[in-house]
Amino acid sequence: MRTIRWTRATAAAAAVALTLTACGGGDDETGADAGPVELRMVTWTPNEAHLAILNEIADEFVAAHPDEVSSVAIETTPTGENYRTVVTTQISGGDAPDVGWLSEVDARDFIALDGLVDLGPTVHEDEGYAFDDLTPSAMELWSDGDSVYGIPFSTSPAGVFYNADMFAAAGLPAPDEMLADGTWTWENLAAAAKAISDSQQVAGFYIGPYLNFDQNWQFLSHVSYAYGGAPWDEDGTECTFDDAGNVEAFTLLHDMIYTDGSYPTPGEVVDFAAGNAAMVDTFISMANTLESAPFEWGLVPLPSGPETSDGRTAVIGQSAVVAFAEGDHPDLAAEFVAFMTNEENSRKLSEFFPSIRTPLIDVDTLAAANPVLTPEQLQSVVVDGITHGRLAPTHTNMGDIQTEGRIGLETLWQPGADVQAALTGVCDRIGPLLSE
């Protein structure tokens, strides 16, 4: 998953572009005299294997629509450039793409700005699309009644990778043993992290790849959800950052950093794959970097907490395929999104990206794409995570909320901080933004 900041400037540029589009409109030029058109799709991946599959799907779509579509150009964001900025600049410059990828962080802003084509009529009216196969919980962010604004092509659950050699050297039960006997909790994770850090002079635990969580604090939901915490209420209008559950979760993290010394301080660099950390909370793509790791490792779901009554804390990251309302060919774009995310093509994409289609959420299918993971790991982390997982917090105006939350948390990430006061300070900063 790639997180990209939405700022007031880019939001304003997109809003202007969308307003102009609403007046001028992007209409399909597919009449008898228009001839076939070129569609443009934007992504942020530079991975040649990803692009090969996308181009294969694009070529098949063109072959199925020769009178309407001449080609589908797949464009990837140049290395080092901000994907969201590239897309919103194209929108504001009148050169909007037809189709693209969109992360969960950006979804609410684009939906609120009427920036996405409603795919509902396209996917609901096509019986062959099998819309009911899409996991309802994974579609929640992208749907509103019968309206559908994106189809997640990648839904990746977070889990905890652990260095089994370090646990053995410390004489501790491994996390999979704790999971089996019902003792895999955040408190026990913290205790194990301290014991290993003290005895082996390594980091006990960190949340990655968002190591600098002071910059990406929404991923601390991996902990706070287990304590019943959330940054705002269900309506998204009232800040709840300073509620009891958040205070308890943030106190645990603060103690790990400044009392136990088992969690790296913000800005400190550690790397689980290099063998200098006992545990990392990250997405399952980490497994691909561990195939030749010089240590034994395992993977378990996120620990439980006092508010996980079902014994499970599952958090997912998402990216969806969308059709941009500002594009020149919204109807064809919607058809291409539906084509790309039908079962056949979702199966192709699942080689790299976990699908939300129920026929593809099974251990055998996932094992083909993740051969280094065991069936038990795939079931407990991936299958159960996709089925039951929650997204990290998202909101409209998320970029500014992220920034203000980060500034508010600066008083927390220091020794001796008053956790309750720091979180109340966060509410003072983000509270006014929640109603915008």
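Cut-offs used in this document
- Residues numbered from 1 in each chain as written.
- Predicted model: local features only at pLDDT ≥ 70, side-chain atom pairs only at ≥ 80, totals over all residues.
- Heavy atoms only, no water.
- Disulfide = S-S within 2.5 Å.
- Helix = DSSP H or I, 4+ residues; strand = E, 2+ residues; numbered from the N terminus.
- Buried < 20%, exposed > 50% of the residue type's maximum accessible area, 1.4 Å probe, protein only.
- Salt bridge = Lys/Arg side-chain N within 4 Å of Asp/Glu carboxyl O.
- Contact = heavy atoms within 4.5 Å.
- Pairing = 2+ DSSP bridges.
- Axes fitted to C-alpha atoms, helices over the stretch in contact; angles between N-to-C directions.
- Parallel < 35°, antiparallel > 145°, perpendicular 65-115°, else oblique.
- Left-handed = near helix turned anticlockwise from the far one by under 90°.
- Nonpolar A, V, L, I, M, F, W, Y, C, P; charged D, E, K, R; others polar.
- Core = buried A, V, L, I, M, F, W, Y, C linked by side-chain atoms within 4.5 Å.
- Domains from an automatic or database assignment.
- pLDDT = per-residue confidence, 0-100.
- Expected span 1.5 Å × (residues − 1).
- Phe/Tyr/Trp six-rings, centres within 6.5 Å; stacked < 30°, edge-to-face > 60°.
- Lys NZ or Arg CZ within 6 Å of the ring centre and 35° of its normal.

**Observations regarding the state of the cysteines**
Turning to step 1, where the next piece is worked out: Here the structure, examined in full by the defined rule, presents 1 disulfide.
Turning to step 2, where the next piece is worked out: The residue that forms a disulfide with Cys239 is Cys427, at a sulfur-sulfur distance of 2.0 Å. Of note, the bridge from Cys239 to Cys427 carries an S-S torsion of about -80° and is left-handed in sense. Highlighted residues: Cys239 in the loop between α10 (221-224) and α11 (244-260) and Cys427 in helix α17 (residues 419-434), separated in sequence by 188 residues.
Turning to step 3, where the next piece is worked out: The exposure class assigned to Cys239 is buried, which follows from its relative accessible area of 14%.
Turning to step 4, where the next piece is worked out: Looking at Cys427, the relative accessible area reads 11%, which means it is buried.

**A short note on the pattern of salt bridges**
Turning to step 1, where the next piece is worked out: Applying the stated criterion across every chain yields a total of 9 salt bridges.
Turning to step 2, where the next piece is worked out: For the salt bridge of Lys348 with Glu56, the shortest nitrogen-to-oxygen distance reads 3.3 Å. Of this pair, Lys348 sits in helix α13 (residues 343-349) while Glu56 sits in helix α2 (residues 48-64), placing them 292 residues apart in sequence.
Turning to step 3, where the next piece is worked out: Glu56 gets classed as partly exposed once you look at its relative accessible area, which sits at 38%.
Turning to step 4, where the next piece is worked out: Across the pair Lys194 and Asp198 runs a salt bridge whose closest N-O atoms are separated by 2.7 Å. In this pair, Lys194 and Asp198 are both assigned in helix α9 (residues 186-200), 4 residues apart and thus about one turn of the helix distant.
Turning to step 5, where the next piece is worked out: For Lys194, a relative accessible area of 32% translates into the label partly exposed.

**What about the environment of Gly298?**
Turning to step 1, where the next piece is worked out: Relative to the elements of secondary structure, Gly298 occurs in strand β9 (residues 297-301).
Turning to step 2, where the next piece is worked out: Given the relative accessible area of 2%, Gly298 is considered buried.
Turning to step 3, where the next piece is worked out: Gly298 sits 136 residues away from Tyr162 along the chain, and the two C-alpha atoms are 5.3 Å apart.
Turning to step 4, where the next piece is worked out: Leaving out residues up to four positions away in the same chain, Gly298 has contacts with Val160, Phe161, Tyr162 and Gln377.

**Notes on the pairing of strand β8 (residues 279-283)**
Turning to step 1, where the next piece is worked out: With 5 of 5 residues buried, β8 lies mostly within the body of the structure.
Turning to step 2, where the next piece is worked out: By the bridge criterion, 5 bridges tie strand β6 (residues 151-163) to β8 in an arrangement that is antiparallel. Along β8, the bridge assignment pairs Ala158 with Phe283.
Turning to step 3, where the next piece is worked out: Two elements, strand β7 (residues 206-207) and β8, share 2 bridges in a ladder whose sense is parallel. Following the sheet pairing, Tyr206 is matched in β8 by Val280.

**Quick word on the packing of α11 against α17**
Turning to step 1, where the next piece is worked out: Where α11 contacts α17, the two axes come as close as 10 Å, and the packing angle between them is 120°. Relative to α17, the element α11 lies oblique. Note on packing geometry: the crossing formed by α11 with α17 is right-handed. Every residue of α17 that contacts α11 at Asn246, Val247, Phe250, Thr251 and His254 is listed here: Val419, Gln420 and Leu423.
Turning to step 2, where the next piece is worked out: Of the residues that constitute the contact of α11 with α17, the class distribution is 4 nonpolar, 4 polar and no charged.

**Describing unusual backbone geometry**
Turning to step 1, where the next piece is worked out: Residues other than glycine seldom take positive phi values, yet Asp114 does so here, at roughly 55°.
Turning to step 2, where the next piece is worked out: Tracing the backbone through its elements, the reader meets Asp114 in the loop between α4 (104-112) and α5 (120-125).
Turning to step 3, where the next piece is worked out: Residue class for Asp114 comes out exposed when judged on its relative accessible area of 62%.
Turning to step 4, where the next piece is worked out: A positive phi is found at Ala130, a non-glycine position, where the angle reads about 60°.
Turning to step 5, where the next piece is worked out: Considering the arrangement of structural elements, one finds Ala130 in the loop between α5 and α6 (136-139).
Turning to step 6, where the next piece is worked out: You can call Ala130 partly exposed: its relative accessible area is 24%.

**Regarding the nonpolar core**
Turning to step 1, where the next piece is worked out: Counting 138 residues, the largest nonpolar core has Phe241, Met279 and Phe336 as the members making the most contacts within it.
Turning to step 2, where the next piece is worked out: Counting contributing residues, this core receives three or more from each of domain 1 (37-156 + 317-388) and domain 2 (158-314 + 397-433).
Turning to step 3, where the next piece is worked out: With residues near it in sequence (within four places) discarded, Phe336 still touches Leu39, Met41, Ile57, Ala58, Phe61, Val72 and Val99.

**Some words on the environment of Thr251**
Turning to step 1, where the next piece is worked out: Residue position: Thr251 is located in helix α11.
Turning to step 2, where the next piece is worked out: Exposure remark for Thr251: the relative accessible area of 27% places this residue in the partly exposed category.
Turning to step 3, where the next piece is worked out: Distance from Thr251 to Asp418, taken between C-alpha atoms, is 9.2 Å for residues 167 residues apart in sequence.

**As for the confidence of the model for the chain**
When pLDDT is low, close inspection of the predicted coordinates is not appropriate.
Turning to step 1, where the next piece is worked out: Scored by pLDDT, the chain comes out at a mean of 89, with 89% of its residues at no less than 70.
Turning to step 2, where the next piece is worked out: When the criterion is pLDDT under 50, residues 1-25 qualifies, and its contacts beyond four places in sequence or with other chains add up to 63 contacts.

**Describing the packing of α2 against helix α12 (residues 330-340)**
Turning to step 1, where the next piece is worked out: With their axes 10 Å apart at the nearest point, α2 and α12 run at an angle of 125° to one another. The pairing of α2 with α12 is recorded here as oblique in orientation. Where α2 crosses over α12, the handedness of that crossing is right-handed. In contact with Leu54, Ile57, Ala58, Glu60 and Phe61 of α2, α12 contributes Leu332, Glu335, Phe336, Phe339 and Met340.

**Re helix α16 (residues 398-409)**
Turning to step 1, where the next piece is worked out: Look at α16: 16 Å from first C-alpha to last across 12 residues, which is about the 16 Å you get at 1.5 Å a residue.
Turning to step 2, where the next piece is worked out: Met398, Gly399, Asp400, Ile401, Gln402, Thr403, Gly405, Arg406, Gly408 and Leu409 are the residues of α16 that are buried.

**Notes on the packing of aromatic side chains**
Turning to step 1, where the next piece is worked out: In the structure shown here, the tally under the stated rule is 17 aromatic pairs.
Turning to step 2, where the next piece is worked out: Both rings, one in Phe61 and one in Phe339, keep their centres 5.4 Å apart while their planes meet at 55°; by these two values the pair is tilted. In this pair, Phe61 is assigned in helix α2 and Phe339 in helix α12, connecting sequence segments 278 residues apart.
Turning to step 3, where the next piece is worked out: Given the relative accessible area of 0%, Phe61 is considered buried.
Turning to step 4, where the next piece is worked out: Centre to centre, the rings of Trp101 and Phe353 are 5.8 Å apart; their planes meet at 80°, and the pair counts as edge-to-face. Pair noted here: Trp101 is in strand β3 (residues 99-103) and Phe353 is in the loop between α13 and α14 (363-369), with a separation of 252 residues, a long-range link.
Turning to step 5, where the next piece is worked out: Taking relative accessible area as the criterion, Phe353 reaches 11% and is therefore assigned buried.
Turning to step 6, where the next piece is worked out: Feature note: the residues Trp44, Tyr83, Trp101, Phe153, Phe352 and Phe353 constitute an aromatic cluster, connected by ring pairs.
Turning to step 7, where the next piece is worked out: One residue, Arg357, lies across the ring of Tyr129, its end atom 4.6 Å from the ring centre.
Turning to step 8, where the next piece is worked out: Here the basic side chain of Arg390 rests over the ring of Tyr225, its NZ or CZ set 3.6 Å away from the ring centre.

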